[in-house]
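# Structure assessment
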Amino acid sequence: MYNFNTHREPRGRADATMTLLIQLAPILLLVLLSLMSSFLVSDPLYSLQRTHKYTEARRTQNLNVLYYVKKDFATEYRGSIRSIDRHVEEEYVGTLRTNCFRERNYKENMLWRARNYNDHRMYEKAQGLKTPSCDTLTAMYS
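All values reported here derive from a predicted model rather than from experimental measurement.

### Points about the pairing of strand β1 (residues 56-59)
Direction of pairing for β1 relative to strand β2 (residues 66-69): antiparallel, over a ladder of four bridges. Opposite R58, over in β2, you have Y67 as the bridge partner. Between β1 and β2, which pair antiparallel one after the other, the connecting turn spans six residues, and N64 there sits at a positive phi close to 60°.

This is the structure in structure tokens:
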């Protein structure tokens, strides 16, 4: 007598293993791609904040924005300093605009709440709130 089940078991295991590999392949591919991409990304050329990597202070020519570069920037960088300055200024002004929007929004919300609840102390406090990012933007463009 010939038993069909004994011959199909090994193939069934092989099919199950192959199916599992096929199902895991996209996940393994994503993990591999993310690992590869992390090796391909280089550090930025500058930072607006001083860190342990970015220690050398520089200023842009147009808006006099302070930024930091690595110690070997002068010897390693071969591009245009004007281009770097332009990127620094764009990032700085963009950050100021975002912060200004948040500061004004917070102040307006406080004023609205104070009026809504008829709270004079809250209204005075809201009136006194400073918007330093907005002040810096105003000073920069005046």
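### Focus: the nonpolar core
Judged by nonpolar contacts, Y46, L48, V65, Y67, V69, F73, Y77, I84 and V88 together constitute the single largest core of nine residues. Of all the secondary structure elements, the ones that give two or more residues to this core are β2 and α3 (81-117). Excluding its chain neighbours within four sequence positions, the residues that come into contact with Y77 are L45 and I84. V93, L96, C100 and L137 belong to the second largest nonpolar core, which has five residues in total.

### Topic: the packing of aromatic side chains
Per the stated rule, a full pass over the model turns up two aromatic pairs. With 6.1 Å between their ring centres and 80° between their planes, Y46 and Y67 make a pair best called edge-to-face. Remark: Y67 occurs in strand β2 and Y46 occurs in the loop between α1 (4-40) and β1; sequence separation between them is 21 residues. Of the residues examined, Y46 reaches a relative accessible area of 15% and is grouped as buried. Measuring from centroid to centroid gives 5.1 Å for F73 and Y77, while their planes differ by 10°, and the two rings are stacked. Of the two residues, F73 and Y77, neither departs from the other in class, the shared state being buried.

### Examining the side chain of D85
Looking at the element boundaries, D85 is found in helix α3. No salt bridge forms around the buried D85; measuring N to O, its nearest opposite-charge neighbour R58 is 5.6 Å away. Side chain to side chain, D85 and Y67 meet in a polar contact 3.0 Å long. Setting aside residues up to four positions removed in sequence, D85 forms contacts with R59, T60, Q61 and Y67.

Rules and cut-offs
- Residues numbered from 1 in each chain as written.
- Predicted model: local features only at pLDDT ≥ 70, side-chain atom pairs only at ≥ 80, totals over all residues.
- Heavy atoms only, no water.
- Pairing = 2+ DSSP bridges.
- Helix = DSSP H or I, 4+ residues; strand = E, 2+ residues; numbered from the N terminus.
- Core = buried A, V, L, I, M, F, W, Y, C linked by side-chain atoms within 4.5 Å.
- Buried < 20%, exposed > 50% of the residue type's maximum accessible area, 1.4 Å probe, protein only.
- Contact = heavy atoms within 4.5 Å.
- Phe/Tyr/Trp six-rings, centres within 6.5 Å; stacked < 30°, edge-to-face > 60°.
- Lys, Arg positive; Asp, Glu negative; His and termini not counted.
- Salt bridge = Lys/Arg side-chain N within 4 Å of Asp/Glu carboxyl O.
- Polar contact = N/O pair within 3.5 Å; in protein donor to acceptor, adjacent residues only side chain to side chain.

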